[in-house]
Amino acid sequence: MSGRELTEATVAQLAAMLAEGSVSARELLDAHLERIHADGEPSFDGRPDAVNPWVRLYEEDAIAAAERLDSEPRRLPLHGIPIGLKDLYAVAGKPLTASSRAVALAPEADSDVWARLKSAGAVLVGHLHTHECAAGGSTDQVGNPWALDRTAGGSSGGSAAALAAGMIPLATGTDTAGSLRIPSAISGTSTIKPTRGALPLRGVFPLSGSLDHPGPMARTLEDCAIALEVLAGGRGEGASLRGARIAPSPRLEMGEASAEVLDGFERALEACRARGADLVEPAPPAARLDLGSDFLDVLTSDMLGHHRRFATDWSKLRTSTRELLEFGEQRAMSAAEYGDVQLQRTELSAAWVDWLGEHRIDAVIEPTVPMVAPKRGHGYDEFFTAEAGAYIAFTHYWNWTGFPVAALPAGLDPGSGLPVGVSLIGGPGAEWRVLGLGIELQDELGGLDD
């Protein structure tokens, strides 16, 4: 099998090849390293002619790990699978910088997520770029493999770009306002944001401790399910689209989605119908559909606390990141305000749980991001822009509720040739249900090259 075939294969396909011995872990790693090196050396600021998803490569360590795995029986679920970690996940003995000149941590222990992946046989290739400190949706130091002059999305932009470019088959990301799902939609890859608390955050550099979600990213939801099974310690009960009750989101008007995105959304709805799903549209729940300023107040209060603890040098931050911290400092929520907003948050989430149960809804479906990938190069200039708000128009609401979301491509915009995406949202604990529905939906929609 050629190197290109290996770098375009799924985790499921690669695991089967490794198990049967038709490819070794070293051969698989070499194929991906060749693809990585063709893009050039990692850059902090990025280059206009490169994807540049990597902050740091750990090539020698990866080769040693692959060769060790080749000498052992193949009995691990991710045995020999190359992986990249967003530059927020601690790896013992490796730098952790959050793609920022203001952060320089030296972890002594692995993050819990990486420890589980490593125990399952994954081979760490390196750390991947994030939008600085995970505080934005563009990751402008990274180019979109579909068009290098476009953003790959953020904040897990390096992870999505490396997947889309065939540099790795599996990655990790984090999601505070949409940072797993935004780059997946914009770069044409897939992800699952599990229920908040389903996966551990220990050893993950925080953006907002009360909103952050870790999760896996891959080119298909089937591959995300393989990783989630490792991370969650088992697989839950899935679901089929046949007979499922799918509700188009009552929040559709909030995102002001473009015609290209709405075309993809309609394709997804038709694919649900083709697989036998029942599309239902009950009256919206008795809950706010717009979070107003509450989300930003909580996020920046959390962020301010974390960066004070880490003693971040604000003078070394990019402009947009510093503006976000300054907003939190100026807003200065009191403890009473913060506590009350968090209580209102639980009440809103409960209203959605009631609504899903009352109408027997298996999943809500909505566009992931309201536009195709914007031009890159200005994402760090300032934070409070219409574009920054557009990135999270659909996604941030489900961080507030903590609900699980499976995000997948819904085709290419024929005009720009850029991907669009859709998301399936379920109630608390329903990550395996939305994954099952999403895997079927992805199968019906087909791949982006079909």
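Quick look at the structure, then.

The rules behind these values
Residues numbered from 1 in each chain as written. Predicted model: local features only at pLDDT ≥ 70, side-chain atom pairs only at ≥ 80, totals over all residues. Heavy atoms only, no water. Helix = DSSP H or I, 4+ residues; strand = E, 2+ residues; numbered from the N terminus. Rg over C-alpha atoms; globule rule 2.2 N^0.38 Å. Contact = heavy atoms within 4.5 Å. Areas by Shrake-Rupley, 256 points an atom, 1.4 Å probe, with all protein chains shown as cover. Lys, Arg positive; Asp, Glu negative; His and termini not counted. Charge placed at Lys NZ, Arg CZ, Asp CG, Glu CD. Pairing = 2+ DSSP bridges. Axes fitted to C-alpha atoms, helices over the stretch in contact; angles between N-to-C directions. Phe/Tyr/Trp six-rings, centres within 6.5 Å; stacked < 30°, edge-to-face > 60°. Buried < 20%, exposed > 50% of the residue type's maximum accessible area, 1.4 Å probe, protein only. Parallel < 35°, antiparallel > 145°, perpendicular 65-115°, else oblique. Nonpolar A, V, L, I, M, F, W, Y, C, P; charged D, E, K, R; others polar. Right-handed = clockwise from strand over helix to strand, strands pointing away. Expected span 1.5 Å × (residues − 1). Salt bridge = Lys/Arg side-chain N within 4 Å of Asp/Glu carboxyl O. Polar contact = N/O pair within 3.5 Å; in protein donor to acceptor, adjacent residues only side chain to side chain. Core = buried A, V, L, I, M, F, W, Y, C linked by side-chain atoms within 4.5 Å.

**Brief notes about the overall build of the protein chain**
On a plain count of helices and strands, the protein chain comes out with 16 helices and 13 strands. The C-alpha atoms of the protein chain give 20 Å as radius of gyration, which agrees with the globular expectation for 450 residues (22 Å, within 12%). Overall, the C-alpha framework of the protein chain stretches about 60 × 55 × 40 Å when taken along its three principal axes. Sequence-distant contacts, at least 24 apart, represent 77% of the contacts inside the protein chain between residues at least 6 apart. When the accessible surface of the protein chain is summed, it comes to about 16,500 Å², and 50% of that surface belongs to carbon and sulfur atoms. If the 38 positive side-chain charges of the protein chain are averaged to one point and the 62 negative ones to another, these points end up 3 Å apart.

**Let's talk about the sheet that holds strand 6 (residues 170–175)**
Strands sit in the order 1-3-2-6-8-7-12-13-11-9-10 across an open sheet of 11 strands; the sheet is mixed. Each of the sheet's edge strands pairs with one partner strand only, and the pair in question is strand 1 (54–57) and strand 10 (278–279). As defined by bridge partners, strand 2 (residues 82–86) adjoins strand 3 (residues 123–128) across 5 bridges and the pair is classed as parallel. The residue of strand 3 that forms the bridge with Gly84 is Gly126. Running at roughly 155° to strand 3, helix 4 (residues 59–70) makes contact with strand 1 and strand 3 of the sheet. Packing of helix 5 (residues 112–119) onto the sheet brings it into contact with strand 2, strand 3, strand 6 and strand 8 (213–218), and relative to strand 2 it is tilted by some 180°.

**Observations regarding the packing of aromatic side chains**
Applying the stated rule across the entire model yields 9 aromatic pairs. For the pair Phe205 and Phe310, a centre-to-centre distance of 5.0 Å together with 20° between the ring planes defines the contact as stacked. Here Phe205 is found in the loop between strand 7 (190–193) and strand 8, whereas its partner Phe310 is found in the loop between helix 11 (294–309) and helix 12 (319–331), with 105 residues between them in sequence. Assessed through its relative accessible area of 27%, Phe310 is described here as partly exposed.

**Some thoughts on the packing of helix 10 (residues 259–274) against helix 16 (residues 431–445)**
Packing of helix 10 against helix 16 brings their axes to within 9 Å, and their N-to-C directions diverge by 105°. Looking at the two axes, helix 10 sits roughly perpendicular to helix 16. Along its contact with helix 10, which presents Arg267, Ala268, Ala271, Cys272 and Ala274, the element helix 16 presents Leu441, Glu444 and Leu445. Here the contact of helix 10 with helix 16 is built from residues that sort into 6 nonpolar, no polar and 2 charged.

**A word on the pairing of strand 3**
When you tally the buried positions in strand 3, you get 6 out of 6 residues, the bulk of the element. Relative to strand 3, strand 1 is paired through 3 bridges, and the arrangement is antiparallel. Note that in strand 3 the partner of Leu57 across the bridge is Gly126. Following the backbone out of strand 2, through helix 5 and into the adjacent parallel strand 3, one traces a crossover that is right-handed.

**Comments concerning unusual backbone geometry**
Across the chain, the bulk of peptide bonds are trans and the bulk of non-glycine residues have phi less than zero. Going from Gly154 to Ser155, the amide bond is cis rather than trans, its omega being 10°. Within the secondary structure, Ser155 sits in the loop between strand 5 (147–151) and helix 6 (157–164). You will see that Thr139, though not glycine, has its phi angle at about 45°, which is positive. In this structure, Thr139 sits in the loop between strand 3 and strand 4 (143–144). We classify Thr139 as buried; its relative accessible area is 0%. The phi angle at Glu256 is positive, at roughly 45°, despite the residue not being glycine. Locating Glu256 in the fold gives a position in the loop between helix 9 (252–255) and helix 10.

**Describing the environment of Ala90**
Along the chain, the position of Ala90 falls in the loop between strand 2 and helix 5. What makes Ala90 buried here is its relative accessible area of 5%. Sequence separation of Ala90 and Leu148 is 58 residues, and the distance between their C-alpha atoms is 29 Å.

**Section: helix 12**
Between its terminal C-alpha atoms helix 12 stretches 18 Å, which fits the 18 Å expected from 13 residues at 1.5 Å a residue. Where helix 12 is buried, its residues touch helix 11. Once helix 12 ends, the next one or two residues include Ala332, with phi positive near 45°.

**Quick look at the pattern of salt bridges**
In the structure shown here, the tally under the stated rule is 25 salt bridges. Between Asp45 and Arg318 there is a salt bridge, and its shortest N-O distance comes to 3.6 Å. Here Arg318 lies in the loop between helix 11 and helix 12 and Asp45 lies in the loop between helix 3 (25–37) and strand 1, a separation of 273 residues in the sequence. Here Arg318 falls in the buried class, since its relative accessible area comes to 14%. Overlapping salt bridges, with partners in common, bring together Arg275, Glu440, Asp443 and Glu444 in one network.

**Some remarks on the environment of Gln13**
Topologically, Gln13 is positioned in helix 2 (residues 11–20). On the basis of relative accessibility, which here comes to 42%, the residue Gln13 falls in the partly exposed class. In this structure, the C-alpha to C-alpha distance between Gln13 and Asp223, residues 210 residues apart in sequence, is 9.4 Å. Only 2.9 Å separates the side chain of Gln13 from the backbone nitrogen of Thr10, close enough to count as a polar contact.

**A look at the nonpolar core**
Counting 140 residues, the largest nonpolar core has Leu78, Leu117, Trp352, Ile365 and Leu441 as the members making the most contacts within it. At 8 residues, helix 8 (residues 221–232) tops the list of elements feeding residues into this core. Leave out the neighbours within four places in its chain, and Leu78 touches Val11, Leu117, Ala120, Gly121, Ala122, Leu170, Ile226 and Val230.

Geometric descriptors of this kind do not, in isolation, establish any biological role.
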